[in-house]
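Analysis of the macromolecular model
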Amino acid sequence: MPPILQHLVEMTGHRDHLRLEASVLATLLQLGQSMEVRALEFFFAETQVMVRPRSWSHRGEVISSECDASVDPARGALASMPELAACIRDRFTSALRSSSGSHTLWLPVWINDKAHACLEITQHKAFSRRQRDVIMGVFQVYQNYQNLLDYSERDALTGLLNRKTFEEQFVRSAAQHQADFGSSEPSSGLQQWLAVIDIDHFKQVNDVYGHLYGDEVLILVANLLRSSFRAHDRVFRFGGEEFVVLLRSTTLEHAAQAFERFRATVEEHMFPQIGGITVSVGFTSTNDGAPVEVLGRADQALYYAKANGRNQVRFFDELLQSGALQPKISHGEIELF
């Protein structure tokens, strides 16, 4: 089988967006010498659209970012890339920048009538017609497959992963963490963390301002979630005003900082018509128990936060050790909600 076809077969075998993205970048690398490829992520911050590299090539290998989008030093404003900004504004399929010794082709990834990301291909020589045709063919396969995955996995309103994908993503993320760090986990302190996030007094938003503004709040909170966590973390909308975050391979200190930073970001954000809102967060380690048990622990921490003032982040183990919470597992039985 020709190498390009082999790469396409491997690409469409993935069921994870980030792995699919890395696979299409590896496929594109086969199409030219001295080529560099990147996958760019769009997100909102500081009232403008920002861009940052989520995956990129380095010496023929594809690597992915482990940095929070909100603090990534490689991020920049979309306005600083005028060709790409115009392409998205005018809803074109591609944009090109050519200068002496550098030629860049951008291919926005349109999903549900919105540009979610972009593939960027750069090389020293100009793109030939045949090369562009092959690149576009590979890209169309990738985008069509992305759309199929999104249709089954994404929440229609916010574009976040939906609840039915949670258990599969939970198991997959744990397996990837084990493959990456193995037995080094205890000494390094790197673990996985799960947070349940709830918008405080969201029913009042719907009752006072109507469901249209309520939906806008959900969309804007989803945007803040995207910009607050890393590309390989997973963010879900569980329904209503409840969200879940799977934070991969980090320490307790950094996990607590990430969740607190998100809480503060929401508190400082001004929502159209409504003004300010807050969120409550409960989180726990994913080390012990099935997904439903881990969710239960994070839920307990969340409900403690909501019952004791809201607008705060609470860690399950800390509440347990202080006696503020009692374990739900006793005598070998599990209480599930």
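Before reading further, recall that the structure is shown in the block above.
Residue positions within a chain follow its written sequence, with the count starting from 1. Totals for whole chains, interfaces and linings use every residue, but because this is a predicted model, local features are given only for residues with pLDDT of at least 70 and side-chain atom pairs only at 80 or more, for both listing and counting. In computing side-chain values, all of the structure's heavy atoms are included and hydrogens and water are not.

Quick look at the sheet that holds strand β11 (residues 242–250) now. Hydrogen bonds along the backbone pair up the strands of a sheet, which may run parallel or antiparallel. Here, a strand pair is defined by DSSP locating no fewer than two bridges between the strands. By the criteria applied, helices consist of DSSP H or I runs no shorter than four residues and strands consist of E runs no shorter than two, each listed in order from the N terminus. Here we have six strands laid out as an open sheet, ordered β8-β10-β11-β9-β12-β13, and mixed in their pairing. The open sheet has two edge strands, β8 (161–162) and β13 (313–315), and neither has a second partner. Where strand β9 (residues 191–199) meets β11, seven bridges bridge the pair, whose relative direction is antiparallel. Bridge assignment links Asp198 to a residue of β11, and that residue is Glu242.

The subject of this paragraph is the packing of aromatic side chains. The rule is short: rings of Phe, Tyr and Trp, with Trp giving its six-membered ring, pair when the centres are within 6.5 Å, and they are stacked under 30 degrees, edge-to-face over 60, tilted in between. Scanning all chains against the criterion turns up 11 aromatic pairs. Ring geometry for Trp193 and Phe315: centres 6.0 Å apart, planes at 70°, overall edge-to-face. A residue pair is termed long-range when its members are at least 10 positions apart, and Trp193 in strand β9 and Phe315 in strand β13 qualify at 122 residues. Here the two residues Trp193 and Phe315 agree in accessibility, since each one is buried. Grouping aromatic residues by their ring pairs yields a cluster made of Trp193, Phe229, Phe259, Phe262, Phe283 and Phe315. The buried label goes to any residue with under 20% of its type's maximum accessible area, the exposed label to any with over 50%, and the partly exposed label to all in between, with areas taken from a 1.4 Å probe on protein chains only.

Within this analysis, patches are made of residues with over 30% relative accessible area and no salt bridge. Like charges are joined at 9 Å or less; nonpolar side chains (Val, Leu, Ile, Met, Phe, Trp, Tyr) at 5 Å or less. For the area figures, the Shrake-Rupley method with a 1.4 Å probe applies, and any residue is considered shielded solely by the protein chains shown. Salt bridge, as used here, is a side-chain nitrogen of Lys or Arg placed within 4 Å of a carboxyl oxygen of Asp or Glu. A contiguous nonpolar patch, built from Val208, Tyr209 and Tyr213 and spanning about 270 Å² of accessible area, is present on the exposed surface. Within the secondary structure layout, Tyr213 lies in helix α8 (residues 211–228). A relative accessible area of 30% means that Tyr213 is categorised as partly exposed.

Take the pattern of salt bridges next. Per the stated rule, a full pass over the model turns up 14 salt bridges. Across the pair Asp207 and Lys203 runs a salt bridge whose closest N-O atoms are separated by 2.8 Å. Here Lys203 and Asp207 lie together in helix α7 (residues 202–209), a separation of four residues that amounts to about one turn. Neither residue differs from the other here; Asp207 and Lys203 are each classed as exposed. As a salt-bridge pair, Glu267 and Arg263 come within 3.0 Å of each other at their nearest N and O atoms. Taken together, the residues span about one helical turn, with Glu267 and Arg263 both in helix α9 (residues 252–268) at a distance of four residues. Among the charged side chains, a salt-bridge network with shared partners connects Glu21, Glu41, Arg52 and Arg54.

Attention now moves to unusual backbone geometry. At His201, a residue that is not glycine, the phi angle is positive and equals roughly 55°. Within the secondary structure, His201 is located in the loop between β9 and α7. The phi dihedral of Gln273 falls on the positive side, at around 70°, and the residue is not glycine. Using a relative accessible area of 53% as the deciding quantity, one classes Gln273 as exposed.

With that out of the way, let us pick up helix α10 (residues 291–307). In a helix, the anticipated span is given by 1.5 Å times the number of residues less one. A rise of 1.5 Å per residue sets the reference length of α10, with its 17 residues, at 24 Å; its end C-alpha atoms lie 24 Å apart and thus fit the reference within 8%. Taken as a whole, α10 has its buried residues at Pro291, Val294, Leu295, Arg297, Ala298, Gln300, Ala301, Leu302, Ala305 and Lys306. Directly beyond the C-terminal end of α10, a positive phi value near 115° is found at Gly309.

On to the nonpolar core, then. Buried Ala, Val, Leu, Ile, Met, Phe, Trp, Tyr and Cys residues that are joined via side-chain atoms within 4.5 Å together make up what is termed a nonpolar core. The biggest cluster of nonpolar side chains holds 30 residues, and the ones touching the most others in it are Ile199, Val217, Val221, Leu225, Phe259 and Phe262. Secondary structure elements with two or more residues in this core: β9, α7, α8, β11, α9 and β12 (279–285). Looking at which element gives the most residues to this core, the answer is α8, with six residues. Phe262 has contacts with Ile197, Val221, Leu224, Leu225, Ser228, Phe229 and Val279, leaving out every residue within four places of it along the chain. We call two residues in contact whenever any of their non-hydrogen atoms come within 4.5 Å of each other.

Sulfur atoms of two cysteines make up a disulfide when they are within 2.5 Å. Following the criterion strictly, the structure yields zero disulfides and no others. We note that Cys87 lacks a disulfide partner, and the nearest cysteine sulfur, in Cys118, lies 7.1 Å from it. On the basis of relative accessible area, Cys118 is assigned to the buried category, the value being 0%.

The next point concerns the packing of helix α2 (residues 17–28) against helix α4 (residues 129–153). To define axes, lines are fitted to C-alpha atoms, for helices over the stretch in contact only, and angles between the resulting N-to-C directions are given on a 0 to 180 degree scale. Contact geometry for α2 and α4: axes closest at 11 Å, N-to-C directions at 175°. Considering their axes alone, α2 and α4 lie roughly antiparallel with respect to each other. Only Ile135, Val138, Tyr142, Tyr145, Gln146, Leu149, Asp150 and Glu153 of α4 make contact with α2, whose side of the interface consists of His17, Leu20, Glu21, Val24, Thr27 and Leu28. Considered class by class, the residues forming the contact of α2 with α4 number eight nonpolar, three polar and three charged. Roughly parallel here means an angle under 35 degrees, roughly antiparallel means over 145, roughly perpendicular means 65 to 115, and every remaining angle is called oblique. Lys, Arg, Asp and Glu make up the charged group, whereas Ala, Val, Leu, Ile, Met, Phe, Trp, Tyr, Cys and Pro make up the nonpolar group; the residues left over, Gly among them, are polar.

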